[in-house]
Amino acid sequence: MPDHQPGFIPYANEVLSPAEMAERSQSFFQQMDRRRSLRFFSDQTVDRKVIENIILTASTAPSGAHKQPWTFCVIADPGIKKAIREAAEAEEYENYHGRMTPEWIEDLLPFGTDWQKPFLEIAPYLIVVFKKIYDQVGDQQRKNYYVNESIGIATGFLLAAIHQAGLVALTHTPSPMNFLQKILQRPSNERAFMLIPVGFPADNAEVPDLKRKELSEIAVFY
Ligand SMILES: Cc1cc2nc3c(=O)[nH]c(=O)nc-3n(C[C@H](O)[C@H](O)[C@H](O)COP(=O)(O)O)c2cc1C
């Protein structure tokens, strides 16, 4: 057994044949390609253990200096969901009645969205992703690095884990979202990043008929 540097452990890679690699990468793409943002939820409950696993998966994301600068707040309480819906709708009302540019409103037409967000009370869980702009350690502030990049990757992992578990979600940004910090009584080093209802789709739920870009439009090989 070779000696290892202090603080290091061997990395055990999973060895796949070229055929297995091709098959797994293709089937993972096909599975992820079925993910959609849902705006119509059922009130069917979800086992909390599943939500815990999803959050643990999100927290496997890489982060600047491994600071893991995130807090995932999970809301099942109907009173808190109602408060979040009311505050989100108040912001979205302003967004749809003047704060968004005409171009933005036009870009949103295919989604049929408006200021009303009933799914915030219907979905069994709301996950609010908070980014930690710094770490509070006792009375000391410690720096976090590449917080936006890190939280974006973690949220991507979260959405993939939700999909993988057979659930649906919406990446919702009823901005400005500082009402979430207040309602959930989060400390001053945390900023709301995303509000994500999670659950099952409503019966007969529909999604916009979107097409995704072709490989040639999104990749350049050198
Ligand atoms: C950063 C971000 C913010 C978004 N905010 C909202 C939102 O506030 N409301 C909404 O209905 N959809 C929102 N979406 C969802 C997008 O409209 C959706 O991802 C896009 O139309 C592609 O559809 P798909 O997720 O089904 O592939 C957001 C997505 C992202 C990535």
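On a predicted model such as this, the values are computed, not experimentally measured, just so you know. (Residues numbered from 1 in each chain as written. Predicted model: local features only at pLDDT ≥ 70, side-chain atom pairs only at ≥ 80, totals over all residues. Heavy atoms only, no water.)

Scanning the chain from terminus to terminus reveals 8 helices and 6 strands. Put simply, the chain runs from its N terminus to its C terminus through helices and strands in the order α-α-β-α-α-α-β-β-β-α-β-α-β-α. Taken along its principal axes, the extent of the C-alpha atoms in the chain is 65 × 50 × 40 Å. Out of the 222 residues belonging to the chain, those deemed buried represent 34%. Residue pairs at least 24 apart in sequence account for 80% of intrachain contacts in the chain once pairs closer than 6 positions are excluded. Of the roughly 14500 Å² of accessible surface on the chain, a fraction of 55% belongs to carbon and sulfur atoms. (Helix = DSSP H or I, 4+ residues; strand = E, 2+ residues; numbered from the N terminus. Buried < 20%, exposed > 50% of the residue type's maximum accessible area, 1.4 Å probe, protein only. Contact = heavy atoms within 4.5 Å. Areas by Shrake-Rupley, 256 points an atom, 1.4 Å probe, with all protein chains shown as cover.)

On the surface, Leu215, Ile218 and Phe221 cluster together into a nonpolar patch covering about 390 Å² of accessible area. For Phe221, the position within the fold is in the segment after α8 (215-218). (Patch = residues over 30% accessible without salt bridge, like charges linked within 9 Å, V, L, I, M, F, W, Y side chains within 5 Å. Salt bridge = Lys/Arg side-chain N within 4 Å of Asp/Glu carboxyl O.)

By size, the foremost hydrophobic cluster in this structure holds 22 residues, and its most contacted members are Phe72, Ile127, Val129, Leu158, Ile162 and Ile196. Of all the secondary-structure elements, those providing two or more residues to this core are α2 (48-58), β1 (70-75), β2 (125-132), α6 (147-164) and β6 (190-199). The leading source of residues in this core is α6, at 6 residues. The contacts of Ile162, once residues within four sequence positions are left out, are Ile54, Leu167, Val168, Ala169, Ile196 and Val198. Within the second largest apolar cluster, 21 residues are counted, among which are Phe41, Cys73, Leu126 and Phe179. (Core = buried A, V, L, I, M, F, W, Y, C linked by side-chain atoms within 4.5 Å.)

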